[in-house]
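What follows is each chain in one-letter form.
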Amino acid sequence: MTSLERATEDLIQTLRKMGYPESFGLLIAANLRTEKMIGRMIGYLKNAKPQSDAEIADEMLAIMDDRDRWTQKKMSEYYNSKYNEYLNSSLREE
């Protein structure tokens, strides 16, 4: 069993203890996609103790948004670095 599968199973078990069906946990895990993001969701569930499935879905969307912002930031940093290398390279004609 991979660490992602373990994290998914932990998420499902946490949600089951809260009274939600396994399919809800599978849906949340499928959207979060990574062990780290699933771990954040488990932490939220255990600490915040949300009262509805809508609160859980809102947190899932917030986590996904954070991941997307982080990915965009890293892509921007990478391409900015490449552009700066180009500007500073001796190959560039002025």
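Before reading further, recall that the structure is shown in the block above.
A brief report on the enclosed structure follows. Remember, it's a predicted structure, so these values are computed and weren't measured experimentally.

### Comments concerning the packing of helix H1 (residues 3-17) against helix H2 (residues 22-32)
Running from N to C, H1 and H2 cross one another at 135°; their axes reach a closest spacing of 8 Å. The pairing of H1 with H2 is recorded here as oblique in orientation. Where H1 crosses over H2, the handedness of that crossing is right-handed. In this structure, H1 uses Thr 8, Leu 11, Ile 12, Leu 15 and Arg 16 to contact H2, whose residues at the interface are Glu 22, Phe 24, Gly 25, Leu 26, Ile 28 and Ala 29.

### Quick notes on the pattern of salt bridges
With the rule as written, the count across this model stands at seven salt bridges. Here Asp 65 makes a salt bridge to Arg 69, at a shortest N to O gap of 2.5 Å. Taken as a pair, Asp 65 and Arg 69 lie in helix H4 (residues 53-88) at a separation of four residues, close to a single helical turn. When salt bridges with common partners are traced through the structure, they connect Arg 40, Asp 65, Asp 66 and Arg 69 into a single cluster.

Quick notes on the rules
Residues numbered from 1 in each chain as written. Predicted model: local features only at pLDDT ≥ 70, side-chain atom pairs only at ≥ 80, totals over all residues. Heavy atoms only, no water. Axes fitted to C-alpha atoms, helices over the stretch in contact; angles between N-to-C directions. Helix = DSSP H or I, 4+ residues; strand = E, 2+ residues; numbered from the N terminus. Parallel < 35°, antiparallel > 145°, perpendicular 65-115°, else oblique. Left-handed = near helix turned anticlockwise from the far one by under 90°. Contact = heavy atoms within 4.5 Å. Salt bridge = Lys/Arg side-chain N within 4 Å of Asp/Glu carboxyl O.

All we've got here are geometric facts, nothing functional implied.
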